[in-house]
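Chain and residue survey
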Amino acid sequence: MKRTPFSMTMIAAVSLVVAGGIALAAQDKYTVKVPGGLAFSDFRGYEGWQVVATSQNDKLVAVILANPVMIGAFQAGVPANGKPFPDGSKMAKIHWTPKKNQYFPDTTIPGTLHDVDFMVKNSKRFADSGGWGWAVFKYDTTSGTFSPGTTADEPPQANDAKCGFSCHTTVKTRDYVFTDYGKR
């Protein structure tokens, strides 16, 4: 039977400890919070929500997702029917830098993750911002971590749950929601 030298065993053990420490040190995105506002954890599971729509501008491509409460409201005709979204409605908008699909170059697909935006309807908690709270979390590709948006971002973020209110007032008659639910 062949024995492993003690130094080789120690090197392997130290390597495992270092690798484990790095894995533990990686950010849990659900611990990030907008100061005085929403936490990423308020939207746990957003990755599996139903698609409402897509969007694209000259800088980013996006998919807009909604939780079952909001999907039900969209399917019932909100906001076109003049009714507000119910409390508990949530949306997520995931932005990526666009890139060309290598297999079908006429198509633009998501590239590097840019940020994730959230909004939630809670009429009591956010009474002074149309009943909605917002949050923007920028993604750092180098570290693989998220951080709250700031006033230095484009568009500027107010670092609180009202960061989207000024932009969304243009659609006040639509209960502060820009997105249309596409016919299926």
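Anything mentioned here points back to the structure above.
1. Things to note about the overall build of the chain
Each helix and strand in the chain was counted, giving 3 helices and 6 strands. The N-to-C order of helical and strand elements in the chain reads α-β-β-α-β-β-β-β-α. As displayed, the chain offers around 11,100 Å² of accessible surface, 59% of which is attributable to carbon and sulfur atoms.

2. Comments concerning the pairing of strand 2 (residues 61-66)
Counting buried positions along strand 2 gives 6 out of 6 residues, so the element sits mostly inside the fold. Pairing analysis gives 6 bridges linking strand 1 (residues 50-56) to strand 2, with the strands arranged antiparallel. Each bridged residue has a counterpart across the sheet, and for Q56 the counterpart in strand 2 is V61. Between strand 1 and strand 2, which pair antiparallel in sequence order, lie 4 residues.

3. What to know about the pairing of strand 3 (residues 90-100)
Sheet analysis places strand 2 next to strand 3, joined by 6 bridges and oriented antiparallel. Bridging across to strand 3, I64 finds its partner in K93. Pairing analysis gives 10 bridges linking strand 3 to strand 4 (residues 108-121), with the strands arranged antiparallel. The partner of I94 across the bridge, within strand 4, is V116.

4. Description of the pattern of salt bridges
Taken as a whole and assessed by the stated rule, the structure comprises 3 salt bridges. The partner of E47 in a salt bridge is K29, with the nearest N and O atoms 2.7 Å apart. Residue E47 is located in the loop between helix 1 (6-25) and strand 1, and its partner K29 is located in the loop between helix 1 and strand 1; the two are separated by 18 residues in the primary sequence. Given the relative accessible area of 21%, K29 is considered partly exposed. Note that K121 and D175 form a salt bridge whose closest N and O atoms lie 2.8 Å from each other. Here the residue K121 occupies a position in strand 4, and D175 occupies one in the segment after helix 3 (165-168), the gap between them amounting to 54 residues. There is no split in this pair, since K121 and D175 are both buried.

5. What to know about the environment of K83
Within the secondary structure layout, K83 lies in the loop between helix 2 (68-75) and strand 3. Taking relative accessible area as the criterion, K83 reaches 53% and is therefore assigned exposed. K83 sits 90 residues away from T173 along the chain, and the two C-alpha atoms are 9.4 Å apart.

6. Some details on the sheet that holds strand 6 (residues 145-148)
One open sheet holds the 6 strands; their spatial order is 1-2-3-4-5-6, and the pairing between them is antiparallel. In the strand order of this sheet, the two ends are held by strand 1 and strand 6, each with one partner. Between one strand axis and the next, the sheet turns through 25° on average, direction left out of account. Lying on the sheet, helix 2 is in contact with strand 1, strand 2, strand 3 and strand 5 (132-140); it crosses strand 1 at an angle near 80°.

7. Observations regarding the packing of aromatic side chains
The description of an aromatic ring pair rests on the distance of the ring centres and on the angle between the ring planes. One pass over the full model with this rule turns up 13 aromatic pairs. Summarising the aromatic geometry, the rings of F40 and F146 are spaced 4.9 Å apart at their centres and angled 55° between planes, so their arrangement reads as tilted. In this pair, F40 sits in the loop between helix 1 and strand 1 while F146 sits in strand 6, placing the two residues 106 residues apart along the sequence. In this structure F146 comes out as buried when scored by relative accessible area, which is 10%. Looking at R44, its charged tip hangs above the ring of Y30, at a distance of 4.0 Å from the centre. Sitting above the plane of the F43 ring, K90 keeps its charged end 5.4 Å from the centroid.

Calculation notes
Residues numbered from 1 in each chain as written. Predicted model: local features only at pLDDT ≥ 70, side-chain atom pairs only at ≥ 80, totals over all residues. Heavy atoms only, no water. Helix = DSSP H or I, 4+ residues; strand = E, 2+ residues; numbered from the N terminus. Areas by Shrake-Rupley, 256 points an atom, 1.4 Å probe, with all protein chains shown as cover. Buried < 20%, exposed > 50% of the residue type's maximum accessible area, 1.4 Å probe, protein only. Pairing = 2+ DSSP bridges. Salt bridge = Lys/Arg side-chain N within 4 Å of Asp/Glu carboxyl O. Axes fitted to C-alpha atoms, helices over the stretch in contact; angles between N-to-C directions. Contact = heavy atoms within 4.5 Å. Phe/Tyr/Trp six-rings, centres within 6.5 Å; stacked < 30°, edge-to-face > 60°. Lys NZ or Arg CZ within 6 Å of the ring centre and 35° of its normal.

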